[in-house]
Amino acid sequence: MYTQKTIFPIASLILACLFVLPGNEPLASEEEFQFKCVRAMGMGNAFAAIADDGDAFYYNPAGLATIRDIRLDIQPVRFIPSYDLYDQLKDLEQLRDDINALDESENPLEDPNLEAERRRLMDRMKRLLNDDLGIDVGFPVRVILPLHIGDCGVAIGGMTHAWSASRLEAQRRGLDWSDFVMDALDDEVYYHAMVETSYGVGAAAEIPLARSMELSFGVVARRIHRWRMTDADDLLGLDDILADDFQERYFDPEDPWASVSEGKGYSVDAGTIGSFGDAVNLAVVVQNLMGSVKYEGEADEELSQNIAVSGAVNLAKLSNPAVPMLDVILAARVDSDKETQLGLELAWNLPLLSLSGRIGSNRGYMTLGAGIKLLFLDFDYALYGDQNTNWHAFSLNLAF
Amino acid sequence: MTLKSGALTVFVLWCVFLPGCSEREEPTVAPGSTLTADDALRKAEAELAAAGISFSLDEPGALMNPEDLIPAPVDLEDAEKQLNFEEAIAQLNIALAEIEGRDEAGVIGSVSDRALIHFHLGFMYCFDAVSRLLLSDNPQETFVIEHNPNDLDNPWYNFDISPDTQAELNATEDPLEYPLAFTFEERQAIIDAADLLDDAALKPKEPNIQPQFSSVDRQPYTGSAIWHFQKAASLFGQYESEVMDALNTFNEELEGMRALLQAHAEEWGFIYTPPVR
């Protein structure tokens, strides 16, 4: 067991890593369209040094080697709407009623009896202009087959998922008119809709380095098949809607699917985790060590490489003697964009039930989470903030 | 876990998470504008609000009820409001100059913003002209201005002179001396109104009547109501030719007002010199 004296040099190492990594300008779309797991989201996505379940395929393949039993993860529910979309969906019934009432009127614009309906519709329009509508749904399946002999171990696994992530947001442009209609005339709309299917294999190994010190390393390779539709390079404005070349630049309103770009590609992630007793993990992970997606008739999409250093300390295991049935995991991750993610998970582990609460900071945006694990059912919720907006995230995982 | 470890945990959490919570801040100035332009627009809107003018379009059907956008003449007969218009025009021109500037990507402002400012300026010039005419004839009533916002066959403002003034004109033997039926202030208001509406120059036909010059041939007044509305139509026409056609129909409304002013001015003994277009 490591003492607090030995922890301080490790903590210093983590802190040093925060300042030595080279920085690049972050691309907003990269975090946006990255497959995330709800447990990790609750703790600021600072998960690379933990990665002790099927999510290791996405956060750090070296974590596969730390899994001791054969494991099958099926996640039939993974639903992540943005706050704004969630709010818009909540009063959808009212919107439908208002539209029906206006539709049935012979003079919908001036009928004095429909003033409230018109007002609500305009208020909703105002809200929409400030809203960030996003939805992320997915269906991942992972299987991990570990083999451990003594302190050494290997694991192989496979993953597949069907995933869709979309976002729609109005971008403010021009003079700041107090009248929202005038203000909105030159605003532009950003949209990005993406559907992906992916399958891949991962392999990891764990070797002992010294007493209570192990090193794990792993790699995961994925085949990616992606469909996307976006105006990220040429945002859509009112003048574009009226322009003659609208269909060529954006989509055919009568057949939007015809404008979807289809791409195929691959990505390879690699990572390592150094474990110091039960209490401390240090990790380095390279996401998209190699990777690109090729679209027909369009420029290839190079998947941006990201190197991250991460650390996790289980404070409950640091105390002497260790606190039974309790995990208090403090985790940090910093990547090559010099973006920092921090998280804390408190878990109370009973024989058949585990309850956990999480808090985190994702690049400075607050995250919260909670989880209940009952037998093979694992329900997680997260309230997740990123540079664009806030999200509700729900998942139900079946872990066998 | 000991009390010491618990306290350490709380301290670490406090250090780590509290300072780390960022706010998503909208940029102060959106692309396509400048701080000066936004500030000038805000001041212009405040001046318009003070004058009781609202061009709000956020009630569906606002454009179906132009009487809500075009104030009644009696509401414009106010010296303070006339000052509000002048200040609003000055601020709108500042905003326009800013967004018509260029940066690496071309003209800073969007087509719609430039068109909307021209549109506002066009209205301001009209209201200012009406305001000047109505303010000039106190205490007696010389100018009679009717409000016809919904009458498609007549301009928004139909103006004439009062029966007393008409009687005075009729009693004047030499038509060249008709301008003398108006006071100095009234003649000035007619000259200013012609300049505001049409950039036209007015002078009495009779050379012995002391000529007067437009008091709005200066900053911040540039162009005229017609010029600003034509600019707005031309800019909106970049979106869609049908939009320009619709706005040109709207401009014919103003042409009616201009033609009426020209006809009356010539009846009242003035030479009306329209601008070279």
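Look up: the structure comes first, before these words.
Quick caveat: nothing in here was measured; it's all calculated off a predicted structure. (Residues numbered from 1 in each chain as written. Chains lettered and ligands numbered in written order. Predicted model: local features only at pLDDT ≥ 70, side-chain atom pairs only at ≥ 80, totals over all residues.)

Along chain B, the regular secondary structure elements total nine helices and six strands. Each of the 277 residues in chain B was classed as buried or not, and the buried ones make up 37%. Partitioning the intrachain contacts of chain B with sequence separation of at least 6 by distance along the chain shows that 69% fall at a separation of at least 24. (Helix = DSSP H or I, 4+ residues; strand = E, 2+ residues; numbered from the N terminus. Buried ≥ 20, exposed ≤ 12 C-beta atoms within 10 Å, placed from the backbone. Contact = placed C-beta atoms within 7 Å.)

A separate point is the packing of helix α5 (residues 111-136) of chain B against helix α7 (residues 184-198) of chain B. All names here are of chain B. Contact geometry for α5 and α7: axes closest at 8 Å, N-to-C directions at 170°. On the basis of the axis angle, α5 is roughly antiparallel to α7. Counting all contacts with α5, which are made through Tyr125, Cys126, Asp128, Ala129, Arg132, Leu133 and Ser136, the residues of α7 involved are Glu185, Glu186, Gln188, Ala189, Asp192, Ala193, Leu196 and Leu197. Split by residue class, the contact of α5 with α7 holds eight nonpolar, two polar and five charged. (Axes fitted to C-alpha atoms, helices over the stretch in contact; angles between N-to-C directions. Parallel < 35°, antiparallel > 145°, perpendicular 65-115°, else oblique. Nonpolar A, V, L, I, M, F, W, Y, C, P; charged D, E, K, R; others polar.)

This part is about unusual backbone geometry. At Arg363(A), a position not held by glycine, the phi torsion is positive, near 55°. Along the chain, Arg363(A) falls in the loop between β13 (353-362) and β14 (365-374). Unlike most non-glycine residues, Asp199(B) shows phi in positive territory, near 60°. By secondary structure assignment, the location of Asp199(B) is in the loop between α7 and β5 (201-204). Exposure remark for Asp199(B): the 23 C-beta atoms within 10 Å place this residue in the buried category.

Let us now look at the packing of helix α2 (residues 35-50) of chain B against helix α4 (residues 79-99) of chain B. Each pair of packed helices gets described by two things: the angle between the helix axes and the distance between those axes. All names here are of chain B. Two numbers describe how α2 lies on α4: the axes approach to 8 Å, and their chain directions differ by 160°. The orientation of α2 relative to α4 falls into the category roughly antiparallel. Judged by the sense of rotation from one axis to the other, the crossing of α2 with α4 is left-handed. On α4, the residues that touch Thr36, Ala37, Ala40, Leu41, Lys43, Ala44, Glu47, Leu48 and Ala50 of α2 are Asn84, Glu87, Ala88, Gln91, Leu92, Ile94, Ala95, Glu98 and Ile99. Its residues assigned to classes, the contact of α2 with α4 comprises 11 nonpolar, three polar and four charged. (Left-handed = near helix turned anticlockwise from the far one by under 90°.)

Bear in mind that shape data such as this cannot, by itself, settle questions of function.
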